[in-house]
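Residue-level structure breakdown
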Amino acid sequence: MLDNLNWWEIGALLLLALLIFGDRLPTVINDGLRMVRNLRNMARNATGDLSRELGTDIQLEDLHPKAFIRKHLLTEEDEQAIRKPLQSMYDNLRSDVTGVHNELKDVANAADLRGNGTRPATAAGGTAPAPAPRPSYDDAT
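Residues numbered from 1 in each chain as written. Predicted model: local features only at pLDDT ≥ 70, side-chain atom pairs only at ≥ 80, totals over all residues. Heavy atoms only, no water.

1. Quick word on a nonpolar patch on the surface
A cluster of nonpolar residues, L13, L16, I20, F21 and V28, forms a patch on the protein surface that exposes about 420 Å² of accessible area. When residues of the nonpolar patch are assigned to their parent elements, the largest contribution, four residues, is made by helix 1 (residues 7-21). Relative to the helices and strands, V28 resides in helix 2 (residues 25-54). (Patch = residues over 30% accessible without salt bridge, like charges linked within 9 Å, V, L, I, M, F, W, Y side chains within 5 Å. Areas by Shrake-Rupley, 256 points an atom, 1.4 Å probe, with all protein chains shown as cover. Salt bridge = Lys/Arg side-chain N within 4 Å of Asp/Glu carboxyl O. Helix = DSSP H or I, 4+ residues; strand = E, 2+ residues; numbered from the N terminus.)

Next comes the structure, spelled out in structure tokens:
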């Protein structure tokens, strides 16, 4: 949550909190922590009530609709039946992309004259023609 804040910004926020709340800062922090504890207890009680009503063991993470359906409504066979067509399409697509990637590598290695150690044929004057500029990805987009 605070990954994008550096130490100076955190210190400035703490100083600002101290200036705003003054002597009441410890009580404000205590009230905030009590509210977080109460929210956790409410979520725990709600999952307990839901577990009792449905007759299954439900964790807080299971309340996401996809996870709930996958864990409590689908059997292993149902899940495999759903995944099978998608998995085969994924495998086919992955093999196609890998093939294209390998072909592009081969073409790039064949076209790279510096990698082969050879030089292009020189013109009658003894000078090599100027290489054409390589197009970049930015030019294509």
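Next comes the rest of the write-up.
2. Focus on the pattern of salt bridges
Any two side chains of opposite charge can pair, on the condition that their charged atoms come close. Using the criterion set out here, one finds two salt bridges in the structure. Among the salt bridges present, the one from R34 reaches D31, with a minimum N-O distance of 3.0 Å. Here R34 pairs with D31, and both are found in helix 2, just three residues apart, close to one helical turn. Classification of R34 by relative accessible area gives partly exposed; the value is 40%. For D31, a relative accessible area of 43% puts it in the partly exposed group. In this structure, D49 and R52 form a salt bridge, with 2.2 Å as the shortest nitrogen-oxygen distance. One end of the pair is D49 and the other is R52, both in helix 2 and three residues apart, which spans about a single turn. (Buried < 20%, exposed > 50% of the residue type's maximum accessible area, 1.4 Å probe, protein only.)

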